[in-house]
Amino acid sequence: MDVTKHLFLLVKEGDEKAFRLLFDSLYPRLCAFSLNFVHEKFDTEEIVGDVFVKLWRKRGKLDKVEHPKSYLYRMCYNASMDFIKKKGNAPIRLNPKTHGTSTIMKELIIEEEVHSILFKAMDSLPKKCRRVFELSCIEGLRYKDIAEDLQISLNTVKSQRSRAIELLRVQLKDYSFLYLLLGLL
């Protein structure tokens, strides 16, 4: 059984520890997801917090939920849209001919899941190695700029970046799409 679904079932029974685990594991992802629509970090944190409060209140009905993550992302999307409407901001305009709301939501959910996997793997990297990888591969800085910023040699930047990629390959060997992406770096 999926861990999230298992936690959902425990939450249904009123297990506060399971609720906390569910919150801790999904809160950052849901905030990042909501940020795609709301664009203010504080507001997204409040929205997602409210989603979890609502989830706790509705816990008696959670056994009917087939796909817990999708359910939470949908709750988060709906809460984000409600927030936008209440604020008076124009909601995001989607072209239904090119992308339906459902398609965009799926793409954003996948993106957040991929980010979560990658950043969790990055947490296992040594501090210096991680920083070089972030600056090089995520922020796109040149080796020379990284060397100056971190006050290290150009060769150290290159070796730390290579080391990070190799360590991440080991961490992400079960995620072929991320493994393939690392091969392109």
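Above this text sits the structure in question.
The present account deals with the structure reproduced in this document. None of these values were measured; they are calculated from a predicted model.

**Some thoughts on the environment of G14**
Here comes step 1: Mapped onto the secondary structure, G14 falls in the loop between α1 (3–12) and α2 (16–38).
Here comes step 2: Of the residues examined, G14 reaches a relative accessible area of 29% and is grouped as partly exposed.
Here comes step 3: Once the C-alpha coordinates of G14 and W56 are considered, the two residues, 42 residues apart in sequence, prove to be 8.3 Å apart.

**Some remarks on the state of the cysteines**
Here comes step 1: Within the structure shown, the criterion is met by zero disulfides.
Here comes step 2: As a non-bridged cysteine, C31 has C76 as the owner of its nearest cysteine sulfur, 7.2 Å distant.
Here comes step 3: The buried category is assigned to C31, whose relative accessible area is 9%.

**Description of the side chain of S136**
Here comes step 1: Note that S136 resides in helix α6 (residues 127–138).
Here comes step 2: On the basis of relative accessible area, S136 is assigned to the buried category, the value being 10%.
Here comes step 3: Dropping the residues within four chain positions of it, S136 is found in contact with L141, Y143, I146 and R161.

**Describing the packing of aromatic side chains**
Here comes step 1: Per the stated rule, a full pass over the model turns up eight aromatic pairs.
Here comes step 2: Relative to Y71, the ring of F8 lies with its centre 6.2 Å away and its plane at 85°, an arrangement referred to as edge-to-face. Here the residue F8 occupies a position in helix α1, and Y71 occupies one in helix α4 (residues 68–87), the gap between them amounting to 63 residues.
Here comes step 3: Judged by its relative accessible area of 1%, F8 falls in the buried class.
Here comes step 4: What links up through ring pairs into an aromatic cluster is the set F19, F23, Y27, F52 and W56.
Here comes step 5: The ring of W56 has R59 sitting right over it, with the charged end atom 4.1 Å from the ring centre.

**Focus on a positive patch on the surface**
Here comes step 1: A grouping of K54, K58, K61 and K64 is seen on the molecular surface, where their side chains present a positively charged patch.
Here comes step 2: When you line up the elements, K64 lands in the loop between α3 (41–57) and α4.

**Looking at the layout of surface pockets**
Here comes step 1: As a volume, the second largest pocket reaches approximately 360 Å³.
Here comes step 2: What lines the second largest pocket is a set of 15 residues, among which V51, M75, N78, A79 and D82 lie closest to the centre.
Here comes step 3: Listed by contribution, the elements that provide at least two residues to the lining of the second largest pocket are α3 and α4.
Here comes step 4: Residue contributions to the lining of the second largest pocket peak at nine residues, all from α4.
Here comes step 5: Class assignment of the residues belonging to the lining of the second largest pocket gives a composition of six nonpolar, two polar and seven charged.

**Notes on α1**
Here comes step 1: Residues of α1 that are buried: T4, L7, F8 and V11. On an axial view of α1, the arc spanned by its buried residues comes to 105°, and they lie on one face.
Here comes step 2: Of the surrounding elements, those touching the buried residues of α1 are α2, α3 and α4.
Here comes step 3: In the stretch just after α1, G14 is the one whose phi turns positive, near 90°.

Here is what the cut-offs are and how they apply
- Each chain has its residues counted from 1, following the order in which its sequence is written.
- Where totals are concerned, whole chains, interfaces and linings use all residues; where local detail is concerned, this predicted model gives features only for residues with pLDDT of at least 70, and gives and counts side-chain atom pairs only at 80 or more.
- The side-chain quantities take in all heavy atoms of the structure and omit both hydrogens and water.
- Only DSSP runs of H or I covering at least 4 residues are called helices, and only runs of E covering at least 2 are called strands; the numbering of each starts at the N terminus.
- Relative accessible area decides the class of each residue, using a 1.4 Å probe on protein chains only: under 20% of the type maximum gives buried, over 50% gives exposed, and in between gives partly exposed.
- Whenever a pair of cysteine sulfur atoms sits within 2.5 Å, that pair is classed as a disulfide.
- Pairs of residues are marked as contacts when any of their non-hydrogen atoms sit within 4.5 Å.
- In this analysis, rings of Phe, Tyr and Trp, with Trp reduced to its six-membered ring, are considered paired at centre separations within 6.5 Å, and the interplanar angle assigns stacked below 30 degrees, edge-to-face beyond 60, and tilted for intermediate values.
- Two thresholds decide whether a charge sits over a ring: the Lys NZ or Arg CZ must be within 6 Å of the ring centre and within 35 degrees of the ring normal.
- Patches here are clusters of residues that have more than 30% relative accessible area and form no salt bridge, with a 9 Å joining cutoff for like charges and a 5 Å cutoff for nonpolar side chains (Val, Leu, Ile, Met, Phe, Trp, Tyr).
- Exposure was quantified through the Shrake-Rupley algorithm and a 1.4 Å probe, taking into account, for residues, occlusion by the shown protein chains and nothing else.
- We count a salt bridge whenever a side-chain nitrogen from Lys or Arg sits within 4 Å of a carboxyl oxygen from Asp or Glu.
- His residues and chain termini do not enter the charge count, which takes Lys and Arg as positive and Asp and Glu as negative.
- Here the site of a charge means NZ on Lys, CZ on Arg, CG on Asp, or CD on Glu.
- In this analysis, the protein atoms alone were mapped onto a 1 Å grid. Cavities are point sets where a 1.4 Å probe fits without being able to get out; pockets are open sets with protein on both sides within 12 Å along at least five of seven lines; lining residues have an atom within 4 Å of a point.
- Grid points are joined across faces, edges and corners, and a volume is the space filled by probe spheres set on the points.
- Gly counts as polar in this scheme, as do all residues outside two lists: the nonpolar Ala, Val, Leu, Ile, Met, Phe, Trp, Tyr, Cys and Pro, and the charged Asp, Glu, Lys and Arg.
- Think of the arc as the fan of directions from the helix axis to the C-beta atoms.

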